[in-house]
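Results of the structural survey
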Amino acid sequence: MSVDTARTTPPSPPPPRRAAAPAWIAMYHSVAECADDPYGITVSPDRLDSQLDRLRRRGLRGVSVAELLRARDEGRAHGLVGLTFDDGYQDFVDHALPLLRRHDCTATLFVLPGRLDGDNAWDPLGPRKPLLDADGVRRAADSGMEVASHGLTHIDLTRAGDEELAREVHGSRAALTELTGTEVAGFCYPYGFVDARVLATVHDAGYRYACAIDPGDLAGDLALPRVHIGQRDTAARLWLKERLNRRRGRTLPPPAVTG
């Protein structure tokens, strides 16, 4: 009886898994039709709709920053993008909120409790845009959006005295906690400006994270980098901008090592 001595070829090893790209955080402001937009802060509802649709078609989902950080800490942030809307404009409830619901997304809304029912007086060259009142902020929270602080009145905190800085940081958190009935976890530095003194004040106030724009050496959970999204960001531009900012390191930092 012959014995088959042929050896079977071992199966090829599976290709190495590519590491998941680090998550990033998008920065929006106003969602409205606006021909006069000198600061580039306004995205039309149609443009936001197409941007969210593009994210979903790529297998991504927009979430609040608090949700994104929880997912990161649990190792499940792949496929998530942080969505933030600064200043708390009335048009968030009018236009952004229905679109976020349509695309099954959540977001973080950074509001100014010292300017409720006011307008964007800090933008002298642009049109006056109304801000949410207390009921509008509660409506956003009740709809599943995260409400977080942008300070009390939208000032450059790096130029504020110690007492004014404490009011803006501590006072806004207390006001929003009372308004929404939930603990406020996040802060957003007005204009994106942050230094070591301001960051320490945010830490002392009990915030778990804070958003900047390009924080440099201060980058971390209390100075998260973000990517500005504007009206000109078509699907192609959004794709390029995302990759450029990944290359520059403007992505979600890894969780802090404890123990």
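Structure: see above.
Below: a short report on this structure. Because the structure is a prediction, the values reported are computed rather than measured. (Residues numbered from 1 in each chain as written. Predicted model: local features only at pLDDT ≥ 70, side-chain atom pairs only at ≥ 80, totals over all residues. Heavy atoms only, no water.)

Looking at unusual backbone geometry
Phi is positive for Asp117, which is not a glycine, with a value near 65°. Among the secondary structure elements, Asp117 is positioned in the loop between strand S6 (108-111) and helix H4 (134-142). Given the relative accessible area of 58%, Asp117 is considered exposed. A positive phi is found at His154, a non-glycine position, where the angle reads about 70°. As for its placement among the helices and strands, His154 is situated in the loop between strand S7 (146-149) and helix H5 (162-180). (Helix = DSSP H or I, 4+ residues; strand = E, 2+ residues; numbered from the N terminus. Buried < 20%, exposed > 50% of the residue type's maximum accessible area, 1.4 Å probe, protein only.)

Side note on the side chain of Ser64
With respect to the secondary-structure elements, Ser64 resides in the loop between strand S4 (61-63) and helix H2 (65-73). Among residues more than four places away in sequence, those in contact with Ser64 are Leu83, Thr106, Ala107, Thr108 and Glu146. (Contact = heavy atoms within 4.5 Å.)

Things to note about the packing of helix H1 (residues 45-57) against helix H3 (residues 90-102)
Following both chains from N to C, one finds H1 and H3 inclined at 25°, their axes separated by 10 Å at the closest point. One finds that H1 runs roughly parallel with respect to H3. The crossing of H1 and H3 is right-handed. Listed contacts from H3 to Pro45, Leu48, Asp49 and Leu52 of H1 are His95, Ala96, Leu99, Leu100 and Arg102. Each residue belonging to the contact of H1 with H3 can be placed in one class, and the counts come to six nonpolar, one polar and two charged. (Axes fitted to C-alpha atoms, helices over the stretch in contact; angles between N-to-C directions. Parallel < 35°, antiparallel > 145°, perpendicular 65-115°, else oblique. Left-handed = near helix turned anticlockwise from the far one by under 90°. Nonpolar A, V, L, I, M, F, W, Y, C, P; charged D, E, K, R; others polar.)

Considerations on the layout of surface pockets
Take a probe with the size of a water molecule and roll it over the atoms, and the empty space left behind shows itself. Its boundaries defined by the atoms lining it, the largest pocket holds a volume of some 230 Å³. Together, 18 residues line the largest pocket, and His29, Ile41, Asp87, His154 and Tyr191 are the ones closest to its centre. Classifying every residue of the lining of the largest pocket gives eight nonpolar, six polar and four charged. (1 Å grid on protein atoms, 1.4 Å probe; cavity = no way out; pocket = protein on both sides within 12 Å on 5 of 7 lines; lining within 4 Å. Points joined across faces, edges and corners; volume = space filled by probe spheres on them.)

Considerations on the pattern of salt bridges
Overall, the coordinates contain 20 salt bridges when judged by the stated rule. Arg128 is the partner of Asp119 in a salt bridge, and the nearest nitrogen-oxygen pair spans 3.9 Å. Asp119 gets classed as partly exposed once you look at its relative accessible area, which sits at 27%. One network of salt bridges, in which partners are shared, links Arg56, Arg61, Glu67 and Asp104. (Salt bridge = Lys/Arg side-chain N within 4 Å of Asp/Glu carboxyl O.)

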